[in-house]
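# Summary of structural features
Residues per chain, in single letters:
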Amino acid sequence: YQQPMQDGLLWVYEGLTSYLGDLLSARSGIRTPEQYRDNLARMAARLDHARGRTWRNLQDTADGLPAMLGAPSQWESWRRTVDFYEEDVLNWLWADTIIRRQTHGAQSLDDFCHRFHGGGRGAPELKTYTFDDVVNTLNQVAPYDWRGFWTERLTNRGPGAPLAGLEASGWRLIYDETRSDLQKAEDERDGSHAAYSIGLRLDKDGVIVDTIEGMVAAKAGIGPGMKVIAVNGRRFSGQSLRNALKEGKTNPAPLELLVENSDYFHTYKVDYHGGERYPHLVRDESKPDELSEIIRAR
């Protein structure tokens, strides 16, 4: 406790761990391939709408970890949170696709993990490592500009999520009106998720957990901490909000949200007609399905 935390490599010992945890849940059968893809789509969409990526890079979120763990949910889309976990799931997937491409399928990230984490015979050892150790081991598996790759990943500020690895694996992120089982479970636990339509995340009581800067609700003046009381004149519920979003596709009138802000009430008119939007992955048939091979049981 007398020394600063050395958290500059969180993208390895937390980010890679997150990638492997999700990967092994699919390989072991704990998650079905569809469940794995739904979870990957959820992470990709969340990062793709994290407006804080336009000013705060991945390395800064790792360096700022001690001050961020206790931060509230309000404004996290703009502030960023400890989303190096999720962003590095996408980054290490990207690294895996590069290794496979560079070696024509002879090597994968599995081989990197064997080299990097695998020890010799005998008693367990504690070995620290550096950025150079990561880069050098990756080059032993598949020669590539790994220093440039990770430097770009750590310093890039978007816009949008790093989706190149996902797309290289043969899948694309899309949005449609169908909630996945994962999304339904998340809504049941946490509340309504309209982040990718009007840009609002709400709890079950209609309290706004966060807004997405630049999307229609935030542009209308709605912010975290406010509470949605009614939607188009009907008492708020997750279902009433979903119904209103769906009806708005054919109704030219704006979406009306009665919002409580401390002791004040105001009706916000949100001009949105795009319906519900939920993330999914779909196959890109122009590319090999590497993602299914990556999560295949070993």
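Data block above holds the structure.
This section reports on the structure supplied with the text. Remember, it's a predicted structure, so these values are computed and weren't measured experimentally.

### Section: the overall build of the protein
Scanning the protein from terminus to terminus reveals 15 helices and 9 strands. The globule rule puts the C-alpha radius of gyration for 298 residues at 19 Å, and the 21 Å found for the protein is close to it. Across its three principal axes, the protein shows a C-alpha extent of roughly 70 × 50 × 30 Å. Burial analysis of the protein (298 residues in total) assigns 47% to the buried set. Once local pairs closer than 6 in sequence are excluded, the contacts in the protein between residues at least 24 apart make up 68%. For the protein, the accessible surface area stands at approximately 15300 Å², while carbon and sulfur atoms represent 49% of it. A distance of 2 Å separates the average location of the 37 positive side-chain charges in the protein from that of its 44 negative side-chain charges.

### Comments concerning the sheet that holds strand β2 (residues 193-194)
Think of a sheet as strands paired side by side through backbone hydrogen bonds, with each pair either parallel or antiparallel. The strand order across the open sheet formed by 3 strands is β2-β3-β4, and the pairing between neighbours is antiparallel. What marks the edges here is a single partner per strand, and that holds for β2 and β4 (208-211). Bridge count between β2 and strand β3 (residues 200-202): 2 bridges; the pairing is antiparallel. Note on β3: the bridge partner recorded for Ala194 is Leu200.

### Looking at helix α12 (residues 181-190)
Count 3.6 residues to each turn of an α-helix, and residues three or four apart come out pointing the same way. Within α12, the full set of buried residues consists of Gln183, Glu186 and Asp187. Seen end-on, α12 carries its buried residues on one side only, within an arc spanning 100 degrees. Of the exposed residues in α12, those oriented more than 90 degrees away from the buried face are Asp181, Glu188 and Arg189. Against α3 (33-48), β2, α14 (238-247) and β9 (278-283) lie the buried residues of α12. The first or second residue beyond α12 is Gly191, which carries a positive phi of 125 degrees.

### Observations regarding the packing of aromatic side chains
Under the counting rule described, the total for this entry stands at 14 aromatic pairs. Arranged with centres 6.3 Å apart and planes meeting at 15 degrees, the rings of Trp11 and Trp92 form a pair that is stacked. With Trp11 in helix α1 (residues 10-13) and Trp92 in helix α7 (residues 84-102), this pair connects stretches of sequence that are 81 residues apart. For the pair shown, Trp11 and Trp92 are each scored as buried. Summarising the aromatic geometry, the rings of Trp92 and Phe112 are spaced 5.7 Å apart at their centres and angled 25 degrees between planes, so their arrangement reads as stacked.

### With respect to the side chain of Arg201
By secondary structure assignment, the location of Arg201 is in strand β3. Residue classification places Arg201 among the buried positions, given a relative accessible area of 18%. A polar contact is formed between the side chain of Arg201 and the side chain of Glu76, at a distance of 3.0 Å. Leave out the neighbours within four places in its chain, and Arg201 touches Arg46, Glu76, Ser192, His193, Ala195, Val207, Ile208, Val209 and Asp210.

Reading guide: rules and limits
- Residues numbered from 1 in each chain as written.
- Predicted model: local features only at pLDDT ≥ 70, side-chain atom pairs only at ≥ 80, totals over all residues.
- Heavy atoms only, no water.
- Helix = DSSP H or I, 4+ residues; strand = E, 2+ residues; numbered from the N terminus.
- Rg over C-alpha atoms; globule rule 2.2 N^0.38 Å.
- Buried < 20%, exposed > 50% of the residue type's maximum accessible area, 1.4 Å probe, protein only.
- Contact = heavy atoms within 4.5 Å.
- Areas by Shrake-Rupley, 256 points an atom, 1.4 Å probe, with all protein chains shown as cover.
- Lys, Arg positive; Asp, Glu negative; His and termini not counted.
- Charge placed at Lys NZ, Arg CZ, Asp CG, Glu CD.
- Pairing = 2+ DSSP bridges.
- Arc of directions from axis to C-beta.
- Phe/Tyr/Trp six-rings, centres within 6.5 Å; stacked < 30°, edge-to-face > 60°.
- Polar contact = N/O pair within 3.5 Å; in protein donor to acceptor, adjacent residues only side chain to side chain.

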